[in-house]
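# Breakdown of the fold
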Amino acid sequence: MALLPILEYPDERLRTVAKPIDHIDDALQRLIDDMFETMYEAPGVGLAATQINFHRQLIVIDVSEDKNAPLVLINPRIVETEGTETCQEGCLSVPGIFADVVRAERVVVEALDRHGELRRIDATGLLAVCIQHEMDHLAGKVFVDYLSPLKRQLVKRKMEKRHRQGAPAASASA
Ligand code: NI
């Protein structure tokens, strides 16, 4: 397995819209393993393929306390949403920045797992937030897009400063 470099905001490649995966092969299984390793190492609770510059609809998530509940979502789509909730989010592509985002409180998602089996996930709480956050990445969106233009400008300046300084180790989440 290998750690993968994570694209950081405001990298334009984070704006790429991911295409569906039409073929699950050994190379994809290796990539999924590498994505989990990268996510756990960061440490984070979710990682979208977009963030490692692979522009296909693939997400890995583990919101469990003991990091023993890996979840793979391939070609996910939200089929039902309910309610709203505000949650403080972070992102491995925007290290050190945390901000409140309004999301659906509950989402029902259909996605293929890593074996190509169709799964239906009824999610609330952190898992629901994480799924919506990662699916945004696949659509070329980053959570700071929800902030006011002024706040977003501040985040952009902070990130540019970080990159000028040679990007110290991250401490973030999804
Ligand atoms: Ni993220």
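Use the structure listed above.
Described below are features of the structure shown in this document. (Residues numbered from 1 in each chain as written. Predicted model: local features only at pLDDT ≥ 70, side-chain atom pairs only at ≥ 80, totals over all residues. Heavy atoms only, no water.)

Moving on to helix H1 (residues 26-41). Relative to the 22 Å expected for 16 residues at 1.5 Å per residue, H1 spans 23 Å between its end C-alpha atoms, a close match to the ideal helical length. Taken residue by residue, H1 has Leu28, Leu31, Ile32, Asp34, Met35, Phe36, Thr38 and Met39 as its buried positions. Taken together, the buried residues of H1 touch strand E1 (46-48), strand E2 (58-61) and strand E3 (71-82). (Helix = DSSP H or I, 4+ residues; strand = E, 2+ residues; numbered from the N terminus. Expected span 1.5 Å × (residues − 1). Buried < 20%, exposed > 50% of the residue type's maximum accessible area, 1.4 Å probe, protein only. Contact = heavy atoms within 4.5 Å.)

Our focus in this paragraph is the packing of aromatic side chains. This structure, assessed with the given rule, holds one aromatic pair. Ring geometry for phenylalanine 36 and tyrosine 40: centres 5.9 Å apart, planes at 20 degrees, overall stacked. Taken together, the positions of phenylalanine 36 and tyrosine 40, both in helix H1 and four residues apart, correspond to about one turn of that helix. Judged by relative accessible area, which is 29%, tyrosine 40 ranks as partly exposed. (Phe/Tyr/Trp six-rings, centres within 6.5 Å; stacked < 30°, edge-to-face > 60°.)

A few words on unusual backbone geometry. Cis geometry marks the peptide bond from tyrosine 9 to proline 10; its omega dihedral reads 5 degrees. Relative to the assigned elements, proline 10 resides in the segment before H1. Residue proline 43 follows alanine 42 across a cis peptide bond; omega there is -5 degrees. Tracing the sequence through the fold places proline 43 in the loop between H1 and E1. With a phi close to 65 degrees, asparagine 53 is a non-glycine residue in the positive phi region. Relative to the helices and strands, asparagine 53 resides in the loop between E1 and E2.

This paragraph deals with the nonpolar core. Core analysis: the biggest nonpolar cluster contains 18 residues, and Ile59, Ile61, Leu73, Val107, Ile121, Ala123 and Ile131 have the highest contact counts within it. Of all the secondary structure elements, the ones that give two or more residues to this core are E2, E3, strand E6 (106-112), strand E7 (118-124) and helix H2 (125-138). Among the elements that take part in this core, H2 stands out by supplying five residues, more than any other. Setting aside anything within four residues of it in sequence, one finds isoleucine 121 in contact with Leu71, Leu73, Val107, Val108, Val109, Leu127 and Ile131. (Core = buried A, V, L, I, M, F, W, Y, C linked by side-chain atoms within 4.5 Å.)

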